[in-house]
Amino acid sequence: QVQLVESGGDLVQTGGSLRLSCAASGTRFVINHMGWYRQAPGKQRELVAVITSGGSTNYADSVKGRFTISRDNAKNTVYLQMNSLKPEDTAVYYCAASFRSPVKDGMDYWGKGTLVTVSS
């Protein structure tokens with residue numbers, strides 16, 4: 001069973017930066033799809049960014065140009081560099097992963113989340 005553990009969430013001022021990390025355990029295979037989702041208070045969970053083992057990425061329009069997703073396949077670890085943070089980025093950020101494509105049925109594995117708070 002794959003387990004995901006996020007870290008890096010914190011309180012930061014508007015315009016600041018944070019780097020989130022997510023380490024996967026429980027498998028010796030490279031996980032094909034890894035990514036970040038977020039859920040703000042009173043809102044539905046939304047995609048932030050995803051990355052394949054080959055390095056293909058996809059970002060939500062709201063974070064393009066500010067956030068960068070990357071990964072270390074050898075460690076099955078995914079990162080999210082967040083720059084120029086805005087109060088509307090405040091949310092619980094969840095790491096997610098899947099061996100199969102998540103397009104149809106979504107990601108198979110989820111972390112417990114890490115809180116990012118951006119103060120104005």
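Below, the structure is looked at part by part. Values in this document were obtained by computation on a predicted structure and should not be read as measured data.

## Here we look at the state of the cysteines
- If you walk through the whole model with that rule in mind, you get one disulfide.
- One disulfide in the model links Cys22 with Cys95; its S-S distance is 2.0 Å. As the torsion about the S-S bond is roughly -80°, the Cys22-Cys95 disulfide counts as left-handed. Here Cys22, found in strand E3 (residues 18-25), pairs with Cys95, found in strand E9 (residues 91-98); they are 73 residues apart in sequence, far enough to count as distant.
- Judged by relative accessible area, Cys95 falls into the buried class, the value being 0%.

## A word on the nonpolar core
- With 30 residues, the main nonpolar core has Leu4, Trp36, Leu80, Met82 and Tyr93 as its most contacted residues.
- Among the secondary structure elements, those contributing two or more residues to this core are E3, strand E4 (33-39), strand E5 (46-52), strand E7 (67-72), strand E8 (77-82), E9 and strand E11 (114-119).
- Not counting residues up to four positions away in its chain, the partners in contact with Leu80 are Leu18, Arg19, Leu20, Trp36, Val48, Ala49, Phe67, Thr68, Ile69 and Tyr93.

## What about the pattern of salt bridges?
- Summed over the entire model, instances satisfying the criterion amount to six salt bridges.
- Between Lys64 and Asp61 there is a salt bridge, with the nearest N and O atoms lying 3.1 Å from each other.
- Owing to a relative accessible area of 64%, Asp61 belongs among the exposed residues under this scheme.
- Arg66 is paired through a salt bridge with Asp89; the nearest N and O atoms lie 2.7 Å apart. One end of the pair, Arg66, is in the loop between strand E6 (57-59) and E7; the other, Asp89, is in the loop between E8 and E9, with 23 residues separating them in the sequence.
- Accessibility expressed as a relative area gives 0% for Asp89, which makes it buried.
- One salt-bridge network, in which partners are shared between bridges, spans Arg38, Glu46, Arg66 and Asp89.

What counts and how
Along each chain, residue indices are assigned from 1 in the same order as the chain's sequence is written. The model is predicted, so local features are restricted to residues of pLDDT at least 70 and side-chain atom pairs to those at 80 or more, both for listing and for counting; the totals for chains, interfaces and linings are taken over all residues. Water and hydrogen atoms were dropped before computing side-chain values, which therefore reflect all heavy atoms in the structure. The criterion for a disulfide is a pair of cysteine sulfur atoms lying within 2.5 Å. Numbering of helices and strands runs from the N terminus, with a helix taken as a DSSP run of H or I at least four residues long and a strand as a DSSP run of E at least two residues long. Partly exposed describes any residue whose relative accessible area lies between the buried limit of under 20% and the exposed limit of over 50%, with all areas from a 1.4 Å probe on protein chains only and scaled to the type maximum. Here, the term nonpolar core denotes a set of buried Ala, Val, Leu, Ile, Met, Phe, Trp, Tyr and Cys residues that are joined through side-chain atoms within 4.5 Å. Every residue pair with non-hydrogen atoms within 4.5 Å of one another is taken to be in contact. Salt bridges are defined by distance alone: a side-chain nitrogen of Lys or Arg within 4 Å of a carboxyl oxygen of Asp or Glu.

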